[in-house]
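# Summary of structural features
Listed here are the chains, written in short residue letters.
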Protein chains: 4
Amino acid sequence: MSENHILDSAKAVLEAQSFSRLVGAQLKVFRSGEVVLEIPINDNLLQQHQFVHGGVLSYAADNALTFVGGSVLGPEVLTSEYKINYMRPAVGEKLIARASVIYCGKRQAVCRCDVFVQDGEEEKLCATSQGTIISVSD
Amino acid sequence: MSENHILDSAKAVLEAQSFSRLVGAQLKVFRSGEVVLEIPINDNLLQQHQFVHGGVLSYAADNALTFVGGSVLGPEVLTSEYKINYMRPAVGEKLIARASVIYCGKRQAVCRCDVFVQDGEEEKLCATSQGTIISVSD
Amino acid sequence: MSENHILDSAKAVLEAQSFSRLVGAQLKVFRSGEVVLEIPINDNLLQQHQFVHGGVLSYAADNALTFVGGSVLGPEVLTSEYKINYMRPAVGEKLIARASVIYCGKRQAVCRCDVFVQDGEEEKLCATSQGTIISVSD
Amino acid sequence: MSENHILDSAKAVLEAQSFSRLVGAQLKVFRSGEVVLEIPINDNLLQQHQFVHGGVLSYAADNALTFVGGSVLGPEVLTSEYKINYMRPAVGEKLIARASVIYCGKRQAVCRCDVFVQDGEEEKLCATSQGTIISVSD
């Protein structure tokens, strides 16, 4: 498949996730070992102090980790586990989750995802995560 | 404050989180060291295989951890970090996140949250998480 | 195998780990879903403030997690990942790592381990951990 | 202080940790935001398959994380928590733990540590970790 076809296939998976549509996630980059997922920030995604809710940052990290794992292990994958550290409140126009693969074995990949917030010209790191994606194909 | 007032105050915080309203989270128990958060499952919360999206499980764990940390540290808290293991696909009527406090120091609490899915009469453990909640009051 | 034989087999594995002998770890309980590992505290296990070194607590948690995973998945297992929260400085006579199984699938188990320090009559929780043990048998 | 004095001070802390002497850890780099800790592999550090014991990898990650946190937060720090993924069995001449700082706030730093094994000319990534280091000075 061409790189465009691969991106389109991955976008179709994201579109098939009703929760991802609810959150408004968009897949910007999907290639072997690298994924970028973006979420335009709107009023539905906030917590009581008007920062983006931690759950949205977690969703972004979790989903970008799963997709980047799938970019090397194939489409039948799921996130086995991950950990996330929150570092700064997220305030701005959009979240950008950048995920990469640290290690890929036969059945599992160890991946990392940094979640940034874009606020005007600036991008700030808000959260960082590390997790295990496993293949569930036979 | 009476136990009812405390639960009502905590519910008001949850209500002030627009993302929690979007997800449909409900606070069922909030007392010192113990929190139960429930999420009725609907079509907006799913992924491509019609299981509840991992991001919803993460949201539930993250938010229940924050609230249970707040139940011992006071209302000005945030989740510093957590890790989550997904164990079973979540299929059923509602998610139930049960959080407890393992250790509470002056400024931080180590907490745990198990996320169950209720499917008919049965409750199944879908995810388990452990994290650090920190006080941000001065 | 009788319960005693099972414990003896597990002890033989621990004995075959030269690092476990260096640390002085002892297996006290090994049965399906439950493991207790103890480490008498001596001067070689400390850090600069004379507390037990975090690395010893990590070793105890990691190894107890692996053994308890092996108690349900069979002897050919390894720890895929874990996270640990340190809560109190460990000062006393011995460390006691108590591990249990939260979930066991075909190829992996999610396990938990609490590490206590015994100081006179008292036992205090010093660290808590959660991790994934995977079967590597074919 | 000159860079050499800073490295010497940090080495003195490591030397004051009896467990680090037992393991044979050596501090090779210590500067703001970057730490390299090495451990020559010997027979005392192995598990039953003659790989380096996971507990040694954890010790290396944990200690390198603490030191790198201290490189930006000052000497009075401790590791609050971390998670580690093991990726490959460690076989070779020495372990090299390379730690860096992802984010540094007033009281805590989020840090990362990759643990490599050097085997002849080759360096292989064996484990990767992410954690929180907190300042305990007043």
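Everything that follows concerns the structure shown earlier in this document.
The following refers to the structure shown. (Residues numbered from 1 in each chain as written. Chains lettered and ligands numbered in written order. Predicted model: local features only at pLDDT ≥ 70, side-chain atom pairs only at ≥ 80, totals over all residues.)

### Section: the environment of D62(A)
- Among the secondary structure elements, D62(A) is positioned in helix α3 (residues 54-73).
- With 51 residues separating them along the chain, D62(A) and C113(A) place their C-alpha atoms 8.3 Å apart.
- Setting aside chain neighbours within four positions, we find D62(A) in contact with T79(A), Y82(A), G54(B), G55(B) and S58(B). (Helix = DSSP H or I, 4+ residues; strand = E, 2+ residues; numbered from the N terminus. Contact = placed C-beta atoms within 7 Å.)

### Section: the interface of chain C and chain A
- With 4 residues of chain C in contact, the opposing surface of chain A contributes 4 residues.
- With 3 residues, the single largest contributor to the side of chain C that touches chain A is strand β3 (residues 77-86) of chain C.
- Looking at the side of chain C that touches chain A residue by residue, the classes come out as no nonpolar, 2 polar and 2 charged. (Nonpolar A, V, L, I, M, F, W, Y, C, P; charged D, E, K, R; others polar.)

### Quick notes on the environment of L14(C)
Residues and elements named next belong to chain C.
- Counting through the fold element by element, L14 comes out in helix α1 (residues 3-15).
- When the C-alpha atoms of L14 and R88 are compared, they prove to be 27 Å apart, with 74 residues separating the residues in sequence.
- With near-sequence residues (within four places) excluded, L14 lies in contact with S20, A25 and L27.

### Some remarks on the relation of the copies chain A and chain B
- Of the two same-sequence chains, chain A is brought onto chain B (RMSD 0.0 Å, axial shift 0.0 Å) by a rotation of 180°. In the structure described here, the two chain copies are related by an operation that fits a two-fold rotation axis. Considering only C-alpha atoms, the part of chain A nearest the rotation axis is K83(A), at 1.9 Å.
- An overlap of 100% is found between the interface residues of chain A and their copies at the interface of chain B, pointing to a shared contact surface. (Least-squares fit on C-alpha atoms with pLDDT ≥ 70 in both.)

### Some words on the sheet that holds strand β1 (residues 26-31) of chain D
- As summarised here, the arrangement of the 12 strands in space is β1(C)-β2(C)-β4(C)-β5(C)-β6(C)-β3(C)-β3(D)-β6(D)-β5(D)-β4(D)-β2(D)-β1(D), forming an open sheet in which the pairing is antiparallel. With partners counted over all chains shown, the strands left at the sheet margins are β1 (26-31) of chain C together with β1 of chain D, one partner each. The sheet shows a mean angle of 20° between the axes of neighbouring strands, taken without regard to direction.
- Bridge count between strand β2 (residues 34-40) of chain D and strand β4 (residues 94-104) of chain D: 7 bridges; the pairing is antiparallel. Within β4(D), the position partnered with P40(D) by the bridge is K94(D). (Pairing = 2+ DSSP bridges. Axes fitted to C-alpha atoms, helices over the stretch in contact; angles between N-to-C directions.)

### What about the pairing of strand β5 (residues 108-119) of chain B?
Residues and elements named next belong to chain B.
- The element β5 is largely enclosed, with a buried count of 9 among its 12 residues.
- Note: strand β4 (residues 94-104) against β5, 10 bridges, orientation antiparallel. Counterpart to K94 in the pairing with β5 is Q118.
- Between the antiparallel neighbours β4 and β5 lie 3 residues.
- In this sheet, strand β6 (residues 122-135) lies alongside β5 in antiparallel orientation, the contact comprising 12 bridges. Residue pairing in the sheet places R112 in a bridge with Q130 of β6. (Buried ≥ 20, exposed ≤ 12 C-beta atoms within 10 Å, placed from the backbone.)

### Brief notes about the sheet that holds β6(B)
- With respect to topology, 12 strands assemble into an open sheet ordered β1(A)-β2(A)-β4(A)-β5(A)-β6(A)-β3(A)-β3(B)-β6(B)-β5(B)-β4(B)-β2(B)-β1(B), the strand pairing being antiparallel. The open sheet has two edge strands with one neighbour each: β1 (26-31) of chain A together with β1 (26-31) of chain B. The average undirected angle you get between the axes of adjacent strands in this sheet is 20°.
- Alignment of strand β3 (residues 77-86) of chain A against strand β3 (residues 77-86) of chain B, held across 5 bridges, turns out to be antiparallel. Looking across to β3(B), one finds that I84(A) is bridged to Y82(B).

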